[in-house]
Amino acid sequence: MPRPTRLTIDLRALAANAQWVRSLAQGQRVMAAVKANAYGHGLIACANVLQPLVEAFAVACCEEATQLRQAGTTKPILVLEGPFDTADVIELTHLECWTVIHSREQLGWLREAKTAGTNPPSAIWLKVDTGMHRLGVSPEDVSNITDELRSLGVVDIVLATHLAHAESPDAPLTCRQLQRWQQVAQDWEGELSLLNSAGLTEIGMSQAQQRSLEWLRPGYMLYGGRTPSAGDKPPSQAVMAFDSRIMAIRTVSVGETVGYGGHWIAQRTSQIATIPVGYGDGYPRTAENGTPVLVENRRCPLAGRVSMDMITVDVTDCPAARVGSAVQLWGQELAVDEVARHANTIGYELLTRLPERVPRVFRSLSRY
Ligand SMILES: *Cc1c(COP(=O)(O)O)cnc(C)c1O
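Predicted model only: the values in this text are computed from it and were never measured. (Residues numbered from 1 in each chain as written. Predicted model: local features only at pLDDT ≥ 70, side-chain atom pairs only at ≥ 80, totals over all residues. Heavy atoms only, no water.)

This part covers the overall build of the chain. Summing up its helical and strand segments, the chain has 11 helices and 19 strands in all. Relative to its 368 residues, the chain shows a buried fraction of 55%. Long-range pairs, those at least 24 residues apart, make up 64% of the contacts in the chain between residues at least 6 apart in sequence. As displayed, the chain has an accessible area near 16300 Å², and 49% of this comes from carbon and sulfur atoms. Between the mean site of the 34 positive side-chain charges and the mean site of the 38 negative ones, the chain shows a separation of 7 Å. (Helix = DSSP H or I, 4+ residues; strand = E, 2+ residues; numbered from the N terminus. Buried < 20%, exposed > 50% of the residue type's maximum accessible area, 1.4 Å probe, protein only. Contact = heavy atoms within 4.5 Å. Areas by Shrake-Rupley, 256 points an atom, 1.4 Å probe, with all protein chains shown as cover. Lys, Arg positive; Asp, Glu negative; His and termini not counted. Charge placed at Lys NZ, Arg CZ, Asp CG, Glu CD.)

Structural data, given as structure tokens:
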């Protein structure tokens, strides 16, 4: 019997979430972020489901774009980090990808590729640094650089920026970024792109300048990740379920400890269940005592340190718990974001750090 720890990817939920995003998009174009293996959900399976529902895909790098093209993806693919050298420009053009250009160095590589006989990718997304200060050209340089891009034969130029604190629409940083963006946008006749998931749900279509919403770039919300205003009842569904089963169960006396370092101490006679999932499977080692784990659909507290291959859970208040009982680490009934809070991180990190070791089982659209 295989180890019962697995990831179930519900492709129907993914499709439903994409439809929901479409309804929020109010006719604007949707670019689905599928970087980092579709946020850990499986790049190709997810892209195949999303392809008819979105206008384009976004990946981080050339390697991810290559995987998509090799799998037969025909929709436009934007490479968010853009080229790392001239050879990458040539690769991107051959893959018929769009690319972000965020620096003068990258512009230089476009020029070198052109000299070497390769035209730039058919569409360039010029990244503007409105205040995140990670990537992008400064707003004052936009008109110079777009002129240079046109001189290289680029016709389609999209201006894009990224918000550093989109989940707080009223934060001074967000206001500053939106203000700078509006300045850039008002002088620009072409296409624009501003909002990711949190931007879309927290800032939305009304507050941000309508015209600046021509391309939406949702990622996390497609996979059922919660943004702050979604509260406990998100309109999107978790696409991933991380499940296992109890492999052992024992009674631990008052004062005895559980796990490495003895950091959990029994305050009462306790039933401790051991589950075959650990940090080697992507369950965060930083998860603290009390992190919820669903056992037979009941929330039970994590008890003791997460090991590489196992965790221990206090099931004293779950009398139904037996060897073989169903366990969920996160999924529909227990949001990954909640587990992440107990592990001092965010759901994005938990989803994208799941190793190959854990098998992914896909529930296909047709199975329903
Ligand atoms: C990853 C990414 C997105 C998607 O962000 P989510 O928060 O997952 O919606 C959008 N834009 C850029 C530039 C990104 O890197």
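Another point: the sheet that holds strand 18 (residues 326-330). In space, the six strands of this open sheet follow the order 16-15-18-10-1-19, with mixed pairing throughout. Two strands lie at the open edges of the sheet, namely strand 16 (298-301) and strand 19 (360-363), each paired on one side alone. For this sheet, the mean inter-axis angle between neighbouring strands, taken without regard to orientation, is 35°. Against the sheet, helix 1 (residues 11-25) contacts strand 1 (6-10) and strand 19, and its axis sits at roughly 45° relative to strand 1. (Pairing = 2+ DSSP bridges. Axes fitted to C-alpha atoms, helices over the stretch in contact; angles between N-to-C directions.)

The subject of this paragraph is the site of the ligand. The full set close to the ligand counts 13 residues, and Lys 35, Tyr 39, Ser 197, Tyr 220 and Tyr 348 are the nearest of them. The side chain of Asn 196 places a nitrogen or oxygen atom 3.2 Å from an oxygen atom of the ligand. Here Ser 197 contributes a side-chain N or O atom positioned 2.5 Å from an oxygen atom of the ligand. Across the complex, the protein chains shield 91% of the 390 Å² of accessible surface that the ligand would expose by itself. (Near = heavy atom within 4 Å. Polar contact = N/O pair within 3.5 Å; in protein donor to acceptor, adjacent residues only side chain to side chain.)

With that settled, the discussion passes to the packing of aromatic side chains. The full count for this structure, using the stated rule, is eight aromatic pairs. Relative to Trp 215, the ring of Trp 125 lies with its centre 5.6 Å away and its plane at 55°, an arrangement referred to as tilted. With Trp 125 in strand 6 (residues 123-127) and Trp 215 in strand 9 (residues 215-216), the pair connects residues that are 90 residues apart, well separated along the chain. You'll find Trp 125 and Trp 215 in the same group, each marked buried. (Phe/Tyr/Trp six-rings, centres within 6.5 Å; stacked < 30°, edge-to-face > 60°.)

Our focus in this paragraph is helix 4 (residues 62-70). Listed as buried for helix 4 are Cys 62, Glu 64, Ala 65, Thr 66, Leu 68 and Arg 69. Those residues of helix 4 that are buried lie in contact with helix 2 (35-40), helix 3 (43-50), strand 3 (56-59), strand 4 (77-79) and helix 5 (86-94). In the stretch just after helix 4, Gly 72 is the one whose phi turns positive, near 95°.

Turning our attention to the nonpolar core. Ranked by internal contacts, the top residues of the largest apolar core, which has 99 residues, are Tyr 283, Val 295, Ile 311 and Trp 330. Listed in part, the 11 residues of the second largest apolar core include Met 31, Val 100, Ala 123 and Trp 125. (Core = buried A, V, L, I, M, F, W, Y, C linked by side-chain atoms within 4.5 Å.)

Okay, helix 5 next. Those residues of helix 5 that fall on the buried side of the exposure criterion are Thr 86, Asp 88, Val 89, Leu 92 and Thr 93. Down the axis of helix 5, the smallest arc covering the buried residues is 155°, so these residues share one side. The distance from a side-chain oxygen at the start of helix 5 to the backbone nitrogen of Ala 87 is 3.2 Å, and the residue carrying that oxygen is Asp 85. Downstream of helix 5 by one or two residues, Glu 96 has phi in the positive range, about 55°. (Arc of directions from axis to C-beta.)

Positionally, Ala 326 belongs in strand 18. For Ala 326, a relative accessible area of 34% translates into the label partly exposed. For Ala 326, the residues in contact, after removing those within four places along its chain, are Ser 244, Arg 245, Leu 294, Val 295 and Glu 296.

So, about the environment of Glu 189. With respect to the helices and strands, the residue Glu 189 is situated in the loop between helix 8 (172-186) and strand 8 (191-193). Between the C-alpha atoms of Glu 189 and Val 158, which are 31 residues apart in sequence, the distance is 9.8 Å.

The interhelical angle for the contact between helix 6 (residues 104-115) and helix 7 (residues 142-151), taken along N-to-C directions, is 15°, at an axis separation of 11 Å. When the axes of helix 6 and helix 7 are compared, the pair comes out roughly parallel. In the packing of helix 6 onto helix 7, the handedness of the crossing is left-handed. Residue-level contacts link Arg 104, Leu 107, Leu 110 and Arg 111 of helix 6 to Asn 144, Ile 145, Glu 148 and Leu 149 of helix 7. Across the contact of helix 6 with helix 7, the residue classes break down as four nonpolar, one polar and three charged. (Parallel < 35°, antiparallel > 145°, perpendicular 65-115°, else oblique. Left-handed = near helix turned anticlockwise from the far one by under 90°. Nonpolar A, V, L, I, M, F, W, Y, C, P; charged D, E, K, R; others polar.)

At Tyr 39, a position not held by glycine, the phi torsion is positive, near 50°. Tracing the sequence through the fold places Tyr 39 in helix 2.

Turning our eyes to something else, we now look at the pairing of strand 6. When a strand is regular, its side chains alternate between the sheet's two faces. The element strand 6 is largely enclosed, with a buried count of five among its five residues. Residue alternation in strand 6 divides its side chains into two sets, Ala 123, Trp 125 and Lys 127 and Ile 124 and Leu 126, and both sets are buried. Relative to strand 6, strand 5 (residues 98-101) is paired through three bridges, and the arrangement is parallel. Along strand 6, the bridge assignment pairs Val 100 with Trp 125. Read as a crossover between parallel neighbours, the route from strand 5 over helix 6 to strand 6 is right-handed. Alignment of strand 6 against strand 7 (residues 156-160), held across five bridges, turns out to be parallel. (Right-handed = clockwise from strand over helix to strand, strands pointing away.)

Judged by pairing direction, the sheet is antiparallel, and its three strands sit side by side in the order 11-14-17 without closing on themselves. Both outer strands of the open sheet, strand 11 (248-252) and strand 17 (311-314), are each paired with one neighbouring strand and no more. Each strand axis lies, on average, 30° off the axis of its neighbour in the sheet, ignoring direction. Relative to strand 14 (residues 270-275), strand 11 runs antiparallel, the two sharing five bridges. Looking at strand 14, one finds that Thr 251 is bridged to Gln 271.

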